[in-house]
Amino acid sequence: MTENCLELVGSVVKAPDVSVSPAGIAHIKFSLEHRSVQAEDGLNRQVFVRMQVVATGQWSQKISRELIAGSNVKVSGFINRHETRNGNPILVLHASQIEMIK
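Now for a description of the structure that goes with this document. (Residues numbered from 1 in each chain as written. Predicted model: local features only at pLDDT ≥ 70, side-chain atom pairs only at ≥ 80, totals over all residues. Heavy atoms only, no water.)

**Focus: the nonpolar core**
If you look at the biggest cluster of nonpolar residues, it comprises 15 residues, and the most contacted ones within it are Phe-30, Leu-32, Val-53, Leu-67, Val-73, Val-75 and Ile-98. Elements with a contribution of two residues or more to this core: strand 1 (6-12), strand 3 (26-40), strand 4 (43-56), strand 5 (72-83) and strand 6 (89-101). Once residues lying within four places of it in the same chain are set aside, the contact partners of Val-73 are Leu-8, Val-9, Gly-10, Val-12, Leu-32, Leu-67, Ile-98, Glu-99, Met-100 and Ile-101. (Core = buried A, V, L, I, M, F, W, Y, C linked by side-chain atoms within 4.5 Å. Buried < 20%, exposed > 50% of the residue type's maximum accessible area, 1.4 Å probe, protein only. Helix = DSSP H or I, 4+ residues; strand = E, 2+ residues; numbered from the N terminus. Contact = heavy atoms within 4.5 Å.)

Set out below in structure tokens:
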């Protein structure tokens, strides 16, 4: 099994945290909130998701200037399991593309 891809549209909860690793690699982290109504077995279901997004590399610094709280974006990438400081597992979307939605 090699497929691991996710595309999620939502709004940025707050401005991203920007950091640079000791190796000089840029990283941004932000939370993305998605709300919609999805059909499931003929019924409508209210959907709410808040997911952490991580973007790495030169392109991430450029896009971070545009990401402000309330920005609508489409994020594509893969999901990976991370652990919080408390040891709780969470899924994180590692972005390969972030598209601003007007």
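So, next bit.
**Points about the pairing of strand 2 (residues 17-20)**
Examined bridge by bridge, strand 2 and strand 3 share four bridges and lie antiparallel to one another. The residue bridging Ser-19 from the neighbouring strand is His-27, located in strand 3. The antiparallel pairing of strand 2 with strand 3 creates a hairpin that spans five residues between the two strands, and Gly-24 there sits at a positive phi of about 85 degrees. (Pairing = 2+ DSSP bridges.)

**Overview of the environment of His-34**
Its place among the elements puts His-34 in strand 3. Taking the C-alpha atoms as reference points, His-34 and Phe-48, separated by 14 residues in sequence, lie 5.7 Å from one another. Excluding residues within four positions of it along the chain, His-34 makes contact with Leu-8, Val-9, Gly-10, Val-47, Phe-48 and Val-49. Looking at His-34, its side chain comes within polar contact range of the main-chain oxygen of Val-9, at 2.6 Å. (Polar contact = N/O pair within 3.5 Å; in protein donor to acceptor, adjacent residues only side chain to side chain.)

**Some words on the side chain of Glu-33**
With respect to the element layout, Glu-33 can be found in strand 3. Overall, the relative accessible area of 16% leaves Glu-33 in the buried class. Side chain to side chain, Glu-33 and Arg-35 meet in a polar contact 3.2 Å long. Side-chain polar atoms of Glu-33 contact the side chain of Arg-50, separated by 2.4 Å. Ignoring anything within four residues of it in the chain, the contact list for Glu-33 reads Gly-10, Ser-11, Val-13, Phe-48, Val-49 and Arg-50.

**A few points about the pattern of salt bridges**
What the rule picks out here adds up to five salt bridges. A salt bridge links Glu-40 to Arg-45; the nearest nitrogen and oxygen atoms lie 2.5 Å apart. On the basis of relative accessible area, Arg-45 is assigned to the partly exposed category, the value being 48%. Arg-81 is the partner of Glu-83 in a salt bridge, and the nearest nitrogen-oxygen pair spans 3.3 Å. Among the residues examined, Glu-83 registers a relative accessible area of 51% and is labelled exposed. What you see here is one network of salt bridges that share partners, running through Glu-33, Arg-35 and Arg-50. (Salt bridge = Lys/Arg side-chain N within 4 Å of Asp/Glu carboxyl O.)

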